[in-house]
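The residues making up each chain are set out below.
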Amino acid sequence: MEKEFQALEKAFHQTLDTIKQVKDLEGVKTQFLGKKGKLTGMMKQLKDLSNEKKAEIGKKINQLKGEFQSSIQEKSNALKKTEFQLKMENEWIDITINPYESDSGSIHPISLVQQRLEDIFVAMGFRVLDGPHIETEYYNFEALNIPSYHPARDMQDTFYFEDGHLLRTHTSPIQIRGMETVKPPFRIVGPGKVFRCERTDASHDSCFHQFEGMMVDRNISVAHLNYFMKTMLAEIFESEVEVRLRPGYFPFVEPGFELDMLCLLCKGKGCKFCKQVGWIELIGCGMVHPNVLRSGNIDPVEFSGFAFGLGIDRLAMMKYDITDIRPLHGGNLNFSRLFSVS
Ligand code: DAH
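Residues numbered from 1 in each chain as written. Predicted model: local features only at pLDDT ≥ 70, side-chain atom pairs only at ≥ 80, totals over all residues. Heavy atoms only, no water.

K.L.:
Sorry, what's going on with the overall build of the chain here?
P.N.:
When helices and strands are counted, the chain shows 12 helices and 9 strands. Whereas a compact globule of 342 residues would reach a radius of gyration of roughly 20 Å, the chain reaches 41 Å, over 25% beyond that. Counting only C-alpha atoms, the chain reaches 125 × 45 × 40 Å along its principal axes. By the burial criterion, 42% of the 342 residues in the chain qualify as buried. With an accessible surface of roughly 19900 Å², the chain has 53% of that area assigned to carbon and sulfur atoms. Charge-centre separation for the chain: the mean point of 42 positive side chains lies 11 Å from the mean point of 46 negative side chains. (Helix = DSSP H or I, 4+ residues; strand = E, 2+ residues; numbered from the N terminus. Rg over C-alpha atoms; globule rule 2.2 N^0.38 Å. Buried < 20%, exposed > 50% of the residue type's maximum accessible area, 1.4 Å probe, protein only. Areas by Shrake-Rupley, 256 points an atom, 1.4 Å probe, with all protein chains shown as cover. Lys, Arg positive; Asp, Glu negative; His and termini not counted. Charge placed at Lys NZ, Arg CZ, Asp CG, Glu CD.)

Quick look at the structure:
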């Protein structure tokens with residue numbers, strides 16, 4: 001019996017030595033201490049022994065049982081400790097890293113201004129429409145009262161595709177597409193990218209952004225146009241604004257205007273910001289030309305309307321005091337982050 005004990009003890013320690021993970025200790029427990037385990041097996045043999053032997057061997061078995069249990073417990077503690085240490089080594093976080101220098105994104109200043117404009121006009125009952133960047137000559141020029149012989153086409157030179165399509169030069173085609181989908185009376189706005197064959201400098205780029213608007217109803221006058229433009233500018237610049245209308249020529253409106261805003265910095269005295277003029281030229285606008293309404297199958301006798309188009313880039317530059325248009329389109333994340341609102 002003594003030999004059996006020794007062999008069992010040896011087998012137990014050998015098995016225990018092979019265990020590398022806490023979860024595998026359960027198996028050792030069952031193998032040696034479980035109901036069908038080796039030690040229990042030996043207990044069962046006790047019944048065949050004399051009382052004296054029974055007491056002696058029984059004591060030994062209990063002693064072994066205690067020894068096995070504490071060895072397993074010890075091993076479990078040691079393994080838990082190393083597993084914890086390993087986890088700490090692998091899963092550490094550096095709490096000295098500055099979270100503000102992380103690579104999280106931010107909304108681009110042009111998008112910020114565009115979204116703000118959309119919200120302002122939606123609140124005033126306008127619908128936001130979209131249009132394609134690649135247009136036909138019909139939508140970009142003809143339907144807007146700019147026939148192929150018209151000199152206004154020269155002012156908006158663009159990139160043409162071999163099949164006659166072109167990159168839209170303004171967001172005004174959204175007016176035409178809008179009239180095809182919504183029936184008067186309506187109020188629509190359409191933001192988006194536009195393209196021109198321009199030489200790039202601090203205030204020009206071959207791709208920029210415009211925001212178009214059109215309101216058609218019965219008895220619409222310049223007073224409506226004035227009211228909506230003033231309201232929009234006051235919201236964008238978060239202050240009262242003064243505006244003036246100068247005659248301006250755009251083939252798709254009659255009369256057409258350039259809308260200027262009194263310089264918010266010098267209040268008209270003249271400063272660096274307004275290039276000493278006192279006023280800032282912001283919006284092309286006017287009363288929708290009857291020919292344009294006809295292109296949209298709208299009777300110009302029954303309905304009238306106003307339309308406007310403004311440069312979002314220019315507005316963003318004014319709002320955020322950006323002096324060069326190029327970084328706005330440069331894709332440098334550090335630049336965009338300067339205007340982040342979150
Ligand atoms: N499409 C014109 C441009 O890009 C801007 C413009 C002027 C839009 C007058 C309008 C408008 O809707 O009525 O220069």
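K.L.:
Whenever I open this one, the sheet that holds strand 6 (residues 243-247) confuses me. Can you help?
P.N.:
Across the sheet, which stays open at both edges, the 7 strands sit in the order 1-4-5-9-8-7-6 with mixed pairing between neighbours. Edge strands, defined here as strands with exactly one partner in the open sheet, are strand 1 (127-128) and strand 6. In this sheet, strand 9 (residues 304-311) lies alongside strand 8 (residues 279-288) in antiparallel orientation, the contact comprising 5 bridges. Within the sheet, the bridge partner assigned to Gly284 lies in strand 9 and is Gly309. Contacts from helix 9 (residues 222-237) reach strand 4 (186-195), strand 5 (207-217), strand 6, strand 7 (253-262), strand 8 and strand 9 within the one sheet, and its direction differs from that of strand 8 by about 145 degrees. In the packing of helix 11 (residues 312-320) onto the sheet, the strands contacted are strand 4, strand 5, strand 7, strand 8 and strand 9, and the crossing angle to strand 9 comes to about 60 degrees. (Pairing = 2+ DSSP bridges. Contact = heavy atoms within 4.5 Å. Axes fitted to C-alpha atoms, helices over the stretch in contact; angles between N-to-C directions.)

K.L.:
Help me understand the pairing of strand 7, please; the structure alone is not making it clear to me.
P.N.:
In the case of a regular strand, side chains alternate between the two sheet surfaces. Across the 10 residues that make up strand 7, a large majority, 8, are buried. Where strand 6 meets strand 7, 5 bridges bridge the pair, whose relative direction is antiparallel. Bridge pairing in strand 7 places Pro247 opposite Phe257. From the end of strand 6 to the start of strand 7, which pair antiparallel, there are 5 residues.

K.L.:
It is not clear to me how the side chain of Ser336 should be interpreted in this structure. Could you clarify?
P.N.:
As for its placement among the helices and strands, Ser336 is situated in helix 12 (residues 333-337). Setting aside its immediate chain neighbours within four residues, Ser336 contacts Ser106, Ile107, His108 and Pro109.

K.L.:
Hey, could you run me through the site of the ligand in this one?
P.N.:
Taken together, 16 residues lie around the ligand, and His170, Ser172, Arg196, Gln210 and Glu212 are the ones closest in. Between the ligand and the protein, one listed contact pairs a nitrogen atom with a side-chain N or O atom of His170 at 2.9 Å. In the model, an oxygen atom of the ligand is placed 3.3 Å from a nitrogen or oxygen of the Phe308 main chain. Among the elements of the structure, strand 5, strand 8 and strand 9 are those that each provide at least two residues to the shell around the ligand. (Near = heavy atom within 4 Å. Polar contact = N/O pair within 3.5 Å; in protein donor to acceptor, adjacent residues only side chain to side chain.)

K.L.:
In this structure, what is going on with helix 9? I would like to understand it.
P.N.:
Each α-helix winds once per 3.6 residues, and so residues spaced three or four apart point in a common direction. Compared with an ideal rise of 1.5 Å per residue, which puts 16 residues at 22 Å, helix 9 spans 22 Å between its outermost C-alpha atoms and is within 8% of the ideal. Three or more residues of helix 9 are buried, namely Leu225, Phe228, Met229, Met232, Leu233, Ile236 and Phe237. Take helix 9 and look down its axis: the buried residues cluster within an arc of 145 degrees, on one side only. Phi turns positive, to about 55 degrees, at Glu238, one or two residues after helix 9. (Expected span 1.5 Å × (residues − 1). Arc of directions from axis to C-beta.)

K.L.:
Just checking my understanding: could you explain the domain arrangement of the chain for this structure?
P.N.:
Many authors give the size of an interface as the accessible area that is lost as the parts come together. Looking at the assigned domains, one finds that the chain contains domain 1 (2-90) and domain 2 (109-339). For domain 1 versus domain 2, the distance between C-alpha centres works out to 84 Å. (Domains from an automatic or database assignment.)

K.L.:
Whenever I open this one, the pattern of salt bridges confuses me. Can you help?
P.N.:
Pairing is possible between side chains that carry opposite charge, provided their charged atoms lie close to one another. Taken as a whole and judged by the stated rule, the model has 13 salt bridges. The closest approach of N and O atoms between Glu235 and Arg116, which form a salt bridge, is 3.0 Å. Separated by 119 residues along the polypeptide, Glu235 in helix 9 and Arg116 in helix 5 (residues 109-123) bring together distant segments of the chain. On the basis of relative accessibility, which here comes to 32%, the residue Arg116 falls in the partly exposed class. Residues Arg177 and Glu135 are paired through a salt bridge, measuring 2.8 Å at the closest nitrogen-oxygen approach. In this pair, Arg177 sits in helix 8 (residues 173-181) while Glu135 sits in strand 2 (residues 134-135), placing the two residues 42 residues apart along the sequence. Taking the relative accessible area as the measure of exposure, Arg177 reaches 25% and is therefore partly exposed. Overlapping salt bridges bring together Arg244, Arg246, Asp260 and Glu281 as one network. (Salt bridge = Lys/Arg side-chain N within 4 Å of Asp/Glu carboxyl O.)

K.L.:
How do you make sense of unusual backbone geometry when you look at a structure like this?
P.N.:
Outside of glycine, negative phi angles account for most residues, and trans bonds account for most peptide bonds. Following Pro184, the chain continues to Pro185 via a peptide bond in cis, the omega torsion being 0 degrees. For Pro185, the position within the fold is in the loop between helix 8 and strand 4. Positive phi outside glycine occurs at Asn145, with the angle close to 70 degrees. Along the chain, Asn145 turns up in the loop between helix 6 (137-140) and helix 7 (152-155). Positive phi values are uncommon outside glycine, yet Lys267 reaches one of about 55 degrees.

K.L.:
Please explain the packing of aromatic side chains as it appears in this structure.
P.N.:
A complete count under the given rule lists 13 aromatic pairs for this structure. Summarising the aromatic geometry, the rings of Phe32 and Phe68 are spaced 5.9 Å apart at their centres and angled 85 degrees between planes, so their arrangement reads as edge-to-face. Placement of Phe32 in helix 2 (residues 25-33) and of Phe68 in helix 4 (residues 51-90) is noted, with a sequence separation of 36 residues between them. We classify Phe68 as buried; its relative accessible area is 0%. Three or more aromatic residues joined by ring pairs form one cluster here, namely Phe121, Phe126, Phe211, Tyr227, Phe228, Phe306 and Phe308. A cation over an aromatic ring shows up here: Arg177 above the ring of Tyr139, its NZ or CZ 3.9 Å from the ring centre. (Phe/Tyr/Trp six-rings, centres within 6.5 Å; stacked < 30°, edge-to-face > 60°. Lys NZ or Arg CZ within 6 Å of the ring centre and 35° of its normal.)

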